[in-house]
Amino acid sequence: NCKIIKVTGSGTKYAVKLKTFVDTQASINIDTNIIITTGRGLQKFIDNTSVLTYSWNYDNIVPQLSIVSSHNNNITNNLNYLDLSINITKDVSDFTSSDIDIVGNASITSFTGSNTTYECRIEPLSNGNITVTFPTNIITDIYGNRNNTSTAFNWYYDGLLPNMEIYSTDIT
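Here is a short report on the structure shown in this document. Note that this is a predicted model, so its numbers are computed, not measured.

### Quick notes on the sheet that holds strand E11 (residues 106–124)
Right, so step 1: The 3 strands lie next to each other as E7-E9-E11, forming an open sheet whose pairing is antiparallel. A strand with exactly one partner marks an edge of an open sheet, and here the two such strands are strand E7 (65–69) and E11. Ignoring which end each strand starts from, the neighbouring axes of this sheet average 25° apart.

### Observations regarding the packing of aromatic side chains
Right, so step 1: In the structure shown here, the tally under the stated rule is 5 aromatic pairs.
Right, so step 2: Arranged with centres 4.8 Å apart and planes meeting at 85°, the rings of Phe95 and Tyr118 form a pair that is edge-to-face. Note that Phe95 is positioned in the loop between strand E9 (82–92) and strand E10 (101–103) and Tyr118 in strand E11, a separation of 23 residues in sequence. Tyr118 carries the same exposure label as Phe95, and that label is buried.
Right, so step 3: Ring centres 5.8 Å apart and planes at 25° place the aromatic pair Phe111 and Tyr118 in the stacked group.
Right, so step 4: The partly exposed category is assigned to Phe111, whose relative accessible area is 24%.
Right, so step 5: Residue class for Tyr118 comes out buried when judged on its relative accessible area of 3%.
Right, so step 6: One aromatic cluster is present, formed by Phe95, Phe111, Tyr118 and Phe134 through successive ring pairs.

### Here we look at unusual backbone geometry
Right, so step 1: One non-glycine residue, Asn115, lies in positive phi territory at about 60°.
Right, so step 2: Within the fold, Asn115 resides in strand E11.
Right, so step 3: A residue is classified by how much of its surface remains accessible, and Asn115, at 40% relative accessible area, is partly exposed.
Right, so step 4: The residue Asn137 is not glycine, and still its phi comes out positive at about 60°.
Right, so step 5: Relative to the helices and strands, Asn137 resides in the loop between strand E12 (128–134) and strand E13 (151–157).

Calculation criteria
- Residues numbered from 1 in each chain as written.
- Predicted model: local features only at pLDDT ≥ 70, side-chain atom pairs only at ≥ 80, totals over all residues.
- Heavy atoms only, no water.
- Pairing = 2+ DSSP bridges.
- Helix = DSSP H or I, 4+ residues; strand = E, 2+ residues; numbered from the N terminus.
- Axes fitted to C-alpha atoms, helices over the stretch in contact; angles between N-to-C directions.
- Phe/Tyr/Trp six-rings, centres within 6.5 Å; stacked < 30°, edge-to-face > 60°.
- Buried < 20%, exposed > 50% of the residue type's maximum accessible area, 1.4 Å probe, protein only.

Limitation: the analysis is restricted to geometry and does not speak to function.
As C-alpha cells, this is what we get:
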C-alpha cells in the first residue's frame, strides 16, 4: 500500500521517504536491532525479536459541496427568503457562515449545521440580483484536503409590487 521513494543516511541515522498511491491505511515495518526516532521525537529500541510498525491513513479525496434550495437556481421571484441546504461529501469542522460570499443586497439570517450538513437562510434587503458563492479552499477535512471547486447560487429578488391604474372615459 506504499512504496519506498528514497532512503538517505548512513551509520546509525537513516531517513525513509514513502509514497502512498491510493486512499488507504499505509504502514511500514522495521525489524532490526536499532533505536528508532520518529518525527515526533519518540524513541523505541528494537531488538531482533521485535517489529516496529508505523501506520498512517492516507486520503487525498477533496470534500465537495452541493446545494439544495427552496428555489430554483437563476430564478426571479418575490419570496422573502432563500433557504439553502449545503451538503458536503466528507466531515469538516471549519465551515462557518463567514465562508459564504454574498454579492447583492442580502444577508444571512440563520446558519446551523455540522460535519456534512448545513442549513442557512438568506434574506434580501432590496430588489436585485443576489449571488451566493461558496469559494474554493473554504473547507478542510481531517486529512487537510480542501475543496477545490467553487459553487454558486443565483437569485433575482423582485419585491416591487405591481402598480395598476384604471382609466375610464365613462364615469357612470
